[in-house]
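# Results of the structural survey
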Amino acid sequence: MTVEGTRTDAGLRPSLSDALIARIVELIRADGLGPGDRLPAVRVLAERFAVAQPTMREALRQLQATGAIDIRHGSGMYVAAALDRVVIANPNPPTLGGVQAAQLLDARLLIEPYLAGLAARHRDATSTAALHETLDLAERHLSGDDGRLHQANTTFHLRVAAASGHGILHEVLDSLLSVHAAEQRAILHIFDDRARDHEEHRSVLAAIDAGDEPLAQRLMRRHLEDVADVVHRRLPSLRQPADPQKIDERLAP
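Residues numbered from 1 in each chain as written. Predicted model: local features only at pLDDT ≥ 70, side-chain atom pairs only at ≥ 80, totals over all residues. Heavy atoms only, no water.

Right, let's talk about the overall build of the protein chain for a bit. Across its full length, the protein chain holds 11 helices and two strands. Beginning at the N terminus, the succession of helices and strands in the protein chain can be written as α-α-α-β-β-α-α-α-α-α-α-α-α. By the burial criterion, 42% of the 253 residues in the protein chain qualify as buried. Pairs at least 24 residues apart make up 74% of the contacts formed inside the protein chain by residues separated by at least 6 positions. Approximately 13200 Å² of the protein chain is accessible, and the part contributed by carbon and sulfur atoms is 51%. (Helix = DSSP H or I, 4+ residues; strand = E, 2+ residues; numbered from the N terminus. Buried < 20%, exposed > 50% of the residue type's maximum accessible area, 1.4 Å probe, protein only. Contact = heavy atoms within 4.5 Å. Areas by Shrake-Rupley, 256 points an atom, 1.4 Å probe, with all protein chains shown as cover.)

Written as structure tokens, this is what we have:
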């Protein structure tokens, strides 16, 4: 019996789609493929799983919508970092407002100080070098490209989490920042003090470098509390749900 089973020309049945997606993910893991690794072509995958190419394309599009794979036209299909996330982004997200941004910071306050302390406890040359590299990159964009600055800042927080050695909480934070990327962009504009944000990141990293677990915890908590305080004070003007792009346009300097 093939994966495809009974199929109609109208499209995939949910059970077929789910089964095929599961088989693709199994293939990725069995072959030891990681983020950035290239997947076989649609034709090859269709033949392997004994399904029609349109059926395979539909399953791959669903995987792309969750961020599990990256389809680059003219180049191929690649495994994406989101494949192993605990939570995936909704490909059809609802409209968002500033309240979600404040709640995101509340959630991060429960997780990140603890992770920063663990990063100081378990520091090593490789993880601290990656953190320094990330902040050096962020510094080059303090007066320029907000998109790249946002990406570097997000990477810093995720690398602190990775350096902690706590795999589950790292996955949770990765999922939060991925699912709520729009709120993160809004937070950057609401806080609107890039130099202060960067210096607080530098202070956290210095505590991690020194192996000072209590200080790293305290500085990460203070950093997030500073950002949360500004967001809460400026929140009233954002209480009505709005498109994230419009939030950015209203708050951009």
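After presenting the structure, the write-up continues.
Let us now look at the packing of aromatic side chains. Tallied over the entire structure, the rule returns zero aromatic pairs. Its end group placed over the ring of Tyr78, Arg72 keeps NZ or CZ at 4.0 Å from the ring centre. (Phe/Tyr/Trp six-rings, centres within 6.5 Å; stacked < 30°, edge-to-face > 60°. Lys NZ or Arg CZ within 6 Å of the ring centre and 35° of its normal.)

In a structure, side chains of opposite charge can pair up when their charged atoms sit close to one another. By the definition in use, this model includes 10 salt bridges. In this structure, a network of salt bridges that share partners links the residues Asp136, Glu139 and Arg202. (Salt bridge = Lys/Arg side-chain N within 4 Å of Asp/Glu carboxyl O.)

Residues apart from glycine generally show negative phi values, whereas peptide bonds are mostly found in trans. Of note in the backbone geometry, Ala50 takes a positive phi value of approximately 55° without being a glycine. Relative to the elements of secondary structure, Ala50 occurs in the loop between helix H2 (42-49) and helix H3 (53-65). On the basis of relative accessibility, which here comes to 39%, the residue Ala50 falls in the partly exposed class.

With respect to the secondary-structure elements, Asn153 resides in helix H6 (residues 146-164). Residues contacting Asn153, with those up to four places away along its chain left out, are Ala138, Asp197 and His201.

For the rest of this paragraph, the subject is the pairing of strand S1 (residues 69-72). Taken together, the four bridges between S1 and strand S2 (residues 76-79) define a ladder with antiparallel strand orientation. Pairing of Ile71 across the sheet is with Met77, part of S2. Connecting S1 to the next strand, S2, in antiparallel fashion are three residues, including Gly74 with a positive phi near 85°. (Pairing = 2+ DSSP bridges.)

Once that is clear, we can look at the packing of H6 against helix H8 (residues 181-191). Viewed as axis vectors pointing N to C, H6 and H8 meet at an angle of 110°, and their least axial separation amounts to 11 Å. In terms of orientation, H6 and H8 fall into the roughly perpendicular class. The element H6 and its partner H8 pack so that their crossing is right-handed. Of H8, the residues touching H6 (which contributes Asp146, Leu149 and His150) are Ala181, Gln184, Arg185, Leu188 and His189. Taken together, the residues of the contact of H6 with H8 break down into three nonpolar, three polar and two charged. (Axes fitted to C-alpha atoms, helices over the stretch in contact; angles between N-to-C directions. Parallel < 35°, antiparallel > 145°, perpendicular 65-115°, else oblique. Left-handed = near helix turned anticlockwise from the far one by under 90°. Nonpolar A, V, L, I, M, F, W, Y, C, P; charged D, E, K, R; others polar.)

If you walk through the whole model with that rule in mind, you get three cavities of 30 Å³ or more. By volume, the largest cavity is sized at about 200 Å³. For the largest cavity, the lining is made up of 15 residues, of which Arg108, Asn153, Gln184, Ile187 and Asp197 are closest to its centre. Contributions of two or more residues to the lining of the largest cavity are made by helix H4 (98-121), H6, H8, helix H9 (194-210) and helix H10 (213-234). A class-by-class count of the residues in the lining of the largest cavity yields six nonpolar, seven polar and two charged. For the second largest cavity, the full set of lining residues is Leu142, Leu149, Asn153, Leu188, Phe191, Asp192, Asp193, Arg194, Asp197 and His198. If you tally residues by element for the lining of the second largest cavity, the top one is H9, at three residues. Broken down by class, the residue content of the lining of the second largest cavity amounts to four nonpolar, two polar and four charged. (1 Å grid on protein atoms, 1.4 Å probe; cavity = no way out; pocket = protein on both sides within 12 Å on 5 of 7 lines; lining within 4 Å. Points joined across faces, edges and corners; volume = space filled by probe spheres on them.)

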